[in-house]
There are 2 protein chains.
Amino acid sequence: MSDWNPLLYSRFETERTRPAAELLARVPLAAPRRIVDLGCGPGNSTELLARRYPSARIAGIDASPAMLAAARERLPALTFVERDIAQWAPAEPVDLLFANASLHWVPDHARLIPRLLEALTPGGVLAIQMPDNLDEPSHALMRETAADPRFAARLGEPSRLPRRLLSAPQYYDLLAPHALVEVWRTTYYHPLAGAAAILEWLRSSGLMPYLEALGPPLQELYLSEYERRIDAAYPARSDGARLLVFPRLFIIAARRAPLPAGGLPR
Amino acid sequence: MSDWNPLLYSRFETERTRPAAELLARVPLAAPRRIVDLGCGPGNSTELLARRYPSARIAGIDASPAMLAAARERLPALTFVERDIAQWAPAEPVDLLFANASLHWVPDHARLIPRLLEALTPGGVLAIQMPDNLDEPSHALMRETAADPRFAARLGEPSRLPRRLLSAPQYYDLLAPHALVEVWRTTYYHPLAGAAAILEWLRSSGLMPYLEALGPPLQELYLSEYERRIDAAYPARSDGARLLVFPRLFIIAARRAPLPAGGLPR
């Protein structure tokens with residue numbers, strides 16, 4: 001997938017930062033010393049971490065050079081490192097692993113989640129927030145539009161799509177034997193000005209794999225076909241706004257010490 | 001319906017206060033002068049309001065004498081008044097109307113919500129949180145058990161049941177022409193020790209109308225039939241806990257000034 005666009009992504013920064021703030025508000029740590037922001041994007045979540053924990057050593061990890069550049073510009077005093085989360089492991093255990101809107105791009109959570117838990121100090125906290133919207137019209141209509149023969153041949157299987165999450169109880173099952181766990185799922189209803197605003201929101205995230213695989217000539221046709229469907233699926237409300245329905249899953253796990261010798265089963 | 005039991009209700013006070021705190025966190029007011037806590041229960045939500053707004057005039061309204069007594073004991077400096085929300089109207093407009101886990105007992109939201117909006121000062125805020133769990137197994141199984149012929153004859157139509165909510169977009173539609181509106185819906189997954197703990201949670205709220213209508217001799221039989229179904233519907237997780245799945249709807253509406261002459265249409 002080509003690189004992310006930090007400017008476009010940040011256009012809805014207020015809405016995109018709120019879940020990070022709500023996740024952070026539930027982290028039961030007074031003064032973690034080492035924090036890693038896994039999938040830090042343009043640094044909006046990292047900034048929240050630095051504000052709450054000003055004396056912590058904080059590092060941001062992301063696979064996108066453009067996002068890292070934006071994060072470094074925003075927070076010059078912190079460390080930002082280019083790394084794929086699927087491959088990442090810390091040099092030494094961390095007290096808080098914060099993953100805001102990033103793990104849904106990483107495969108195989110049944111193996112990933114225990115591995116992240118092992119990266120924590122005893123008593124350390126894993127805090128996760130992930131979009132859980134693949135069954136919403138916003139994303140179902142991406143797939144429906146992609147099945148149109150004009151696009152299907154060219155698309156094949158887009159190189160990288162967000163992953164279908166496990167259920168909330170399944171995440172609980174993975175973590176509860178080794179951690180105190182809190183799970184919740186919030187659906188936000190974002191009032192947006194029209195179908196075009198919904199596209200603008202999704203262009204910098206869920207639509208990216210499709211647009212990249214199609215290439216410039218077909219992109220515009222795909223977007224106009226998709227916008228027509230979005231316009232019908234999100235009718236105007238009493239004030240003319242469209243409500244973008246956006247469910248997100250939240251997990252807080254405080255690791256019990258010690259873990260079984262030899263690590264967690266997976 | 002007989003009176004509420006503040007002690008039993010407060011046994012899960014941490015879990016029951018969290019939604020009130022999350023609702024309050026989104027109230028965009030720095031210093032409201034007059035606040036009403038609509039359906040204040042034992043005063044746990046009122047206490048949050050008093051802590052955030054120590055110089056406001058705060059009154060709690062509830063229909064339950066037992067709940068009001070518990071609230072007065074907790075917060076002797078505040079005013080608590082016995083009143084049915086369906087009949088309530090303020091003597092003068094208020095800056096913040098806070099309704100935590102109360103309006104789902106009040107009928108006809110299409111008329112109620114505009115009426116509450118009219119009770120606000122210009123710029124005033126209506127903040128609502130309501131359980132939205134009638135379609136969860138916890139409540140569907142109350143109805144299923146009640147349909148058992150041993151109970152159905154005696155039950156008839158229980159005197160007072162929680163109301164089915166409107167959808168989130170429907171609340172948005174009611175409010176958006178007259179207010180800046182924020183709506184979200186959070187599903188909590190509460191780890192409880194077993195089926196008996198789920199019953200204990202619901203005994204002081206959703207189960208009350210059924211238990212009261214049945215009377216003492218049939219109550220125990222109803223509870224044991226219901227517990228058997230709950231035990232099957234909420235299987236033990238990896239640590240033995242049961243996850244009580246509990247969705248709640250949240251609404252924040254900041255009134256635009258002025259409202260149309262003659263009030264809102266309803």
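Residues numbered from 1 in each chain as written. Chains lettered and ligands numbered in written order. Predicted model: local features only at pLDDT ≥ 70, side-chain atom pairs only at ≥ 80, totals over all residues. Heavy atoms only, no water.

Novice: For the overall build of chain A, give the residues involved together with the corresponding values.
Specialist: When its secondary structure is counted, chain A shows 11 helices and 7 strands. Over its C-alpha atoms chain A spans a radius of gyration of 19 Å, differing by no more than 12% from the 18 Å that the globule rule assigns to 266 residues. For the C-alpha atoms alone, the extent of chain A along its principal axes is close to 55 × 40 × 35 Å. A burial count over chain A gives 57% of its 266 residues as buried. Relative to all contacts within chain A whose residues are 6 or more apart in sequence, the contacts with residues 24 or more apart total 78%. Carbon together with sulfur atoms contributes 53% to the accessible area of chain A, which is approximately 11,000 Å² in total. (Helix = DSSP H or I, 4+ residues; strand = E, 2+ residues; numbered from the N terminus. Rg over C-alpha atoms; globule rule 2.2 N^0.38 Å. Buried < 20%, exposed > 50% of the residue type's maximum accessible area, 1.4 Å probe, protein only. Contact = heavy atoms within 4.5 Å. Areas by Shrake-Rupley, 256 points an atom, 1.4 Å probe, with all protein chains shown as cover.)

Novice: Hey, could you go over the packing of helix α9 (residues 195–203) of chain A against helix α11 (residues 216–233) of chain A for me, with residue numbers and the actual values?
Specialist: All names here are of chain A. Two elements in contact, α9 and α11, have axes whose closest approach is 9 Å; the angle formed by their N-to-C orientations is 125 degrees. If you check the angle between α9 and α11, you find them oblique. In this structure, the crossing between α9 and α11 has a hand that is right-handed. From α9, A195, A196, I198, L199, L202 and R203 reach across to α11, where they touch E220, L223, Y226, E227, I230 and D231. When its residues are assigned to classes, the contact of α9 with α11 shows 8 nonpolar, no polar and 4 charged. (Axes fitted to C-alpha atoms, helices over the stretch in contact; angles between N-to-C directions. Parallel < 35°, antiparallel > 145°, perpendicular 65-115°, else oblique. Left-handed = near helix turned anticlockwise from the far one by under 90°. Nonpolar A, V, L, I, M, F, W, Y, C, P; charged D, E, K, R; others polar.)

Novice: Run through the interface of chain A and chain B, naming residues and quoting values.
Specialist: The interface is formed by 25 residues belonging to chain A together with 25 residues belonging to chain B. A buried area of about 2,100 Å², summed over both sides, lies between chain A and chain B, and 53% of it is on carbon and sulfur atoms. By the criterion of area lost to chain B, the three top residues of chain A are R18, Y172 and Y189 of chain A, representing 28% of everything that side buries. Here chain A is connected to chain B by 4 salt bridges. Note that R18 of chain B is salt-bridged to E182 of chain A, the shortest N-O span being 3.6 Å. Linking chain A with chain B are 11 residue pairs in polar contact (both at pLDDT 80 or more). Put simply, the parts of the chain that give the side of chain A that touches chain B at least two residues each are α2 (13–25), α8 (168–175) and β6 (179–192) of chain A. For the side of chain A that touches chain B, the element with the most residues is β6 of chain A, which contributes 10 residues. Of the residues belonging to the side of chain A that touches chain B, the class tally is 13 nonpolar, 4 polar and 8 charged. (Buried area = accessible area lost by both parts, 1.4 Å probe. Salt bridge = Lys/Arg side-chain N within 4 Å of Asp/Glu carboxyl O. Polar contact = N/O pair within 3.5 Å; in protein donor to acceptor, adjacent residues only side chain to side chain.)

Novice: A description of the packing of aromatic side chains should follow, citing residues and the corresponding values.
Specialist: Following the criterion strictly, the structure yields 10 aromatic pairs over all chains and no others. Taken together, a centroid distance of 5.9 Å and an interplanar angle of 10 degrees make the contact between Y210 of chain B and Y222 of chain B stacked. You can see Y210 of chain B sitting in helix α10 (residues 208–214) and its partner Y222 of chain B sitting in helix α11 (residues 216–233), a full 12 residues away along the chain. What makes Y222 of chain B buried here is its relative accessible area of 0%. One aromatic cluster in this structure is built from F151, Y210, Y222 and Y226 of chain A. (Phe/Tyr/Trp six-rings, centres within 6.5 Å; stacked < 30°, edge-to-face > 60°.)

Novice: Got a sec to walk through the side chain of D62 of chain B? Specific residues and values, please.
Specialist: All names here are of chain B. In this structure, D62 sits in strand β2 (residues 57–62). Look at D62 and you get buried, because its relative accessible area is 11%. Within the structure, D62 has its side chain in polar contact with the backbone nitrogen of G41 (distance 2.7 Å). Engagement of the side chain of D62 in a polar contact is seen with the backbone nitrogen of S64, the distance being 3.0 Å. Not counting residues within four places of it along the chain, the set of residues in contact with D62 comprises G39, C40, G41, M67, L68, V81, E82 and R83.

Novice: Mind laying out the pairing of strand β5 (residues 120–131) of chain B, listing which residues take part and the relevant values?
Specialist: All names here are of chain B. The buried fraction of β5 amounts to 10 of the 12 residues, a majority that puts the element mostly inside the structure. You can see the chain leave strand β4 (residues 94–100), run along helix α5 (residues 109–118) and come back into β5, and the turn it takes is right-handed. When β5 meets strand β7 (residues 242–255), the two strands line up antiparallel, connected through 7 bridges. Following the sheet pairing, V125 is matched in β7 by A254. (Right-handed = clockwise from strand over helix to strand, strands pointing away. Pairing = 2+ DSSP bridges.)

Novice: Describe the pattern of salt bridges, naming the residues involved and giving the relevant values.
Specialist: All names here are of chain A. In this structure the tally under the stated criterion is 34 salt bridges over all chains. When the shortest N-O distance is used, the salt bridge between E47 and R51 registers 3.9 Å. With E47 and R51 both in helix α3 (residues 44–52) and 4 residues apart, the pair spans about one turn of that helix. For R51, a relative accessible area of 59% translates into the label exposed. Here the salt bridges share partners, and the residues they tie into one network are E144, D148, R150, E225, R228 and R229.

Novice: Account for the pairing of β4 of chain B, with residues named and values stated.
Specialist: Residues and elements named next belong to chain B. Burial runs high along β4: 7 of the 7 residues are buried. Sheet analysis places strand β1 (residues 34–38) next to β4, joined by 3 bridges and oriented parallel. Bridged to D37 within β4 is F98.

Novice: Summarise α2 of chain A; cite the residues concerned and give the values.
Specialist: In this model α2 of chain A runs 18 Å from its N-terminal to its C-terminal C-alpha over 13 residues, within 8% of the 18 Å that 1.5 Å per residue would give. For α2 of chain A, the set of buried residues is R16, T17, R18, P19, A20, L23 and L24 of chain A. (Expected span 1.5 Å × (residues − 1).)

Novice: Tell me what's going on with the relation of the copies chain A and chain B, and back it up with residues and numbers.
Specialist: Take chain A, turn it by 180 degrees, move it 0.0 Å along the axis, and it overlays chain B with an RMSD of 0.0 Å. Within this description, the copies of the chain are treated as partners about a two-fold rotation axis. Taking C-alpha positions as the reference, the residue of chain A nearest the rotation axis is T186 of chain A, at 2.1 Å. (Least-squares fit on C-alpha atoms with pLDDT ≥ 70 in both.)

Novice: Please set out the environment of L24 of chain A residue by residue, giving values where relevant.
Specialist: Residues and elements named next belong to chain A. Mapped onto the elements, L24 comes out in helix α2. Exposure remark for L24: the relative accessible area of 6% places this residue in the buried category. Considering only alpha carbons, one finds L24 and R83, 59 residues apart in sequence, at a separation of 23 Å.

Novice: Can you explain the side chain of R18 of chain B? Please cite residues and give values.
Specialist: Looking at the element boundaries, R18 of chain B is found in helix α2 (residues 13–25). Setting aside its immediate chain neighbours within four residues, R18 of chain B contacts R26, E182 and W184 of chain A together with Y188 of chain B.

Novice: Mind laying out the nonpolar core, listing which residues take part and the relevant values?
Specialist: Among the nonpolar cores identified, the biggest contains 40 residues, and V27, Y53 and L96 of chain A together with V27, Y53 and L96 of chain B are the most heavily contacted of them. Excluding residues within four positions of it along the chain, Y53 of chain B makes contact with L24, V27, L29, A30, A31, P32, I35, I58 and L96 of chain B. (Core = buried A, V, L, I, M, F, W, Y, C linked by side-chain atoms within 4.5 Å.)

Novice: Could you give me a rundown of the packing of α2 of chain A against α3 of chain A, with the residues and numbers involved?
Specialist: All names here are of chain A. Taken N-terminus to C-terminus, the directions of α2 and α3 make an angle of 40 degrees; their axes are 9 Å apart at the nearest point. The angle between α2 and α3 places the two elements in the oblique class. Relative to α3, α2 is oriented so that their crossing is right-handed. Of the residues in α3, those touching α2 at E13, R16, T17, A20, A21, L24 and A25 are N44, S45, L48, L49 and R52. Here the residues of the contact of α2 with α3 are counted per class, giving 6 nonpolar, 3 polar and 3 charged.

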